[in-house]
Amino acid sequence: LGSHSSPEYKDKKTGERYLFKYTDKVIARAEEAASRIGALLIPGQVHEVKYITLNGKSGTLIKMHPEYKPLGKEKTTMDVSADLKARFQKHFDGIVQQHVLDWICSQHDTHGDNIGLVGDKVFGIDKGQAWKFLGQDALPAPGMEASKACNPNPSKQVYSQFWKLYHEGKITGSPAQA
């Protein structure tokens, strides 16, 4: 987890590392709220975020997880390779759970770098676009890409690819049981 030259801090007592991301107060509060909702719904599977001010500037303090490994190969291509299909299948329930959280928070920024693994658990990061498109967004049809109006990145969103494979029968699982 890193972000556009944001300062990192290390807790001297625990050794844990944190990232401070300067951002608008409303965005920072939204990301903190999404993190708190995630902690309730899928404990230990969403980055911990706190709204703070540092040197008079608003932002978020994000606990870093050095063992975090992105689920996608790279955020600009996200080709659906056999390897990615296998990861989707292995982590079916965790991906569904992350998607439910993102639906609740109207969060449309989950490309291959923003969903990954910490150990063997699916882990979501960067919920800073939570509620940004509220009222403009809609759930896309199964296997369809989210509208351009609600996709803040040039990369494909993980969930569009995941559900396309699911509806084509290339990965299996029970969304209702996830």
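See above for the structure.
Structural notes, computed from the coordinates. It should be emphasised that the depicted structure is a prediction, and the values quoted were computed from it without experimental measurement.

What follows is about the packing of helix α2 (residues 82-90) against helix α4 (residues 158-167). Close contact between α2 and α4 brings their axes to 11 Å; oriented N to C, the two are set at 85°. Classified by the angle between their axes, α2 and α4 sit roughly perpendicular to one another. Taking contact as the criterion, the partners of Leu-84, Lys-85 and Phe-88 in α2 are, on α4, Val-158, Gln-161, Phe-162 and Leu-165. Per-class residue counts for the contact of α2 with α4 are 5 nonpolar, 1 polar and 1 charged.

Below, the discussion takes up the side chain of Gln-107. Looking at the secondary structure, you find Gln-107 in the loop between α3 (92-104) and β6 (115-118). A relative accessible area of 4% means that Gln-107 is categorised as buried.

Turning our attention to the sheet that holds strand β4 (residues 57-63). On the basis of which strands lie adjacent, the open sheet formed by 4 strands has the order β1-β2-β4-β3 and antiparallel pairing. Across the chains shown, the open sheet's two edge strands, defined by having one partner strand only, are β1 (8-10) and β3 (49-54). Looking at each pair of strands side by side, their axes are set apart by 35° on average, direction ignored. In the sheet, β3 pairs with β4 via 6 bridges, with the strands oriented antiparallel. What sits directly across from Thr-53, in β4, is Ser-58. Its contacts with the sheet put helix α1 (residues 25-41) on β2 (17-22), β3 and β4, and the angle it makes with β3 is roughly 155°.

Take the environment of Asp-93 next. Checked against the element boundaries, Asp-93 lands in helix α3. Assessed through its relative accessible area of 38%, Asp-93 is described here as partly exposed. Separated by 28 residues in sequence, Asp-93 and Lys-121 have C-alpha atoms that sit 9.8 Å apart. Excluding residues that lie within four positions of it along the chain, Asp-93 makes contacts with Ser-174 and Ala-178.

Another aspect to go through is the pairing of strand β7 (residues 121-124). For a regular strand, the rule is simple: side chains alternate between the two faces of the sheet. Relative to β7, β6 runs antiparallel, the two being bridged by 4 bridges. Bridge pairing in β7 places Gly-116 opposite Phe-123.

Here the focus is the pattern of salt bridges. Inspection of the entire model under this criterion finds 12 salt bridges. Salt-bridge contacts for Lys-21 lead to Asp-126; the nearest nitrogen and oxygen are separated by 3.2 Å. Of this pair, Lys-21 sits in strand β2 while Asp-126 sits in the loop between β7 and α4; the two residues are 105 residues apart in sequence, bridging distant segments of the chain. Assessed through its relative accessible area of 14%, Lys-21 is described here as buried. The salt bridge partner of Lys-170 is Glu-168, with a shortest N-O separation of 3.2 Å. One connected set of salt bridges, linked through shared partners, spans Glu-16, Glu-48 and Lys-63.

The grouping of Leu-40, Leu-41, Val-100, Trp-103 and Ile-104 at the surface amounts to a nonpolar patch, some 500 Å² of accessible area in total. Sorting the residues of the nonpolar patch by element identifies α1 and α3 as the ones contributing at least two each. In terms of residue count, α3 provides more of the nonpolar patch than any other element does, 3 residues in total. One can find Trp-103 in helix α3. When its relative accessible area of 42% is taken as the criterion, Trp-103 is described as partly exposed.

Looking now at the packing of aromatic side chains. This model, assessed by the stated rule, comprises 8 aromatic pairs. Relative to Phe-162, the ring of Phe-92 lies with its centre 5.1 Å away and its plane at 40°, an arrangement referred to as tilted. Taken together, the positions of Phe-92 in helix α3 and Phe-162 in helix α4 put the pair 70 residues apart, joining distant regions of the chain. In this pair, the class of Phe-92 matches that of Phe-162, namely buried. Ring-pair connections join several aromatic residues into one group, and the members of that group are Phe-88, Phe-92, Phe-162, Trp-163 and Tyr-166. Lys-57 extends its terminal NZ or CZ atom over the ring of Tyr-22, reaching a point 5.3 Å from the ring centre.

How each quantity is defined
- Residues numbered from 1 in each chain as written.
- Predicted model: local features only at pLDDT ≥ 70, side-chain atom pairs only at ≥ 80, totals over all residues.
- Heavy atoms only, no water.
- Axes fitted to C-alpha atoms, helices over the stretch in contact; angles between N-to-C directions.
- Helix = DSSP H or I, 4+ residues; strand = E, 2+ residues; numbered from the N terminus.
- Parallel < 35°, antiparallel > 145°, perpendicular 65-115°, else oblique.
- Contact = heavy atoms within 4.5 Å.
- Nonpolar A, V, L, I, M, F, W, Y, C, P; charged D, E, K, R; others polar.
- Buried < 20%, exposed > 50% of the residue type's maximum accessible area, 1.4 Å probe, protein only.
- Pairing = 2+ DSSP bridges.
- Salt bridge = Lys/Arg side-chain N within 4 Å of Asp/Glu carboxyl O.
- Patch = residues over 30% accessible without salt bridge, like charges linked within 9 Å, V, L, I, M, F, W, Y side chains within 5 Å.
- Areas by Shrake-Rupley, 256 points an atom, 1.4 Å probe, with all protein chains shown as cover.
- Phe/Tyr/Trp six-rings, centres within 6.5 Å; stacked < 30°, edge-to-face > 60°.
- Lys NZ or Arg CZ within 6 Å of the ring centre and 35° of its normal.

As far as function goes, none of this settles anything; it's purely spatial.
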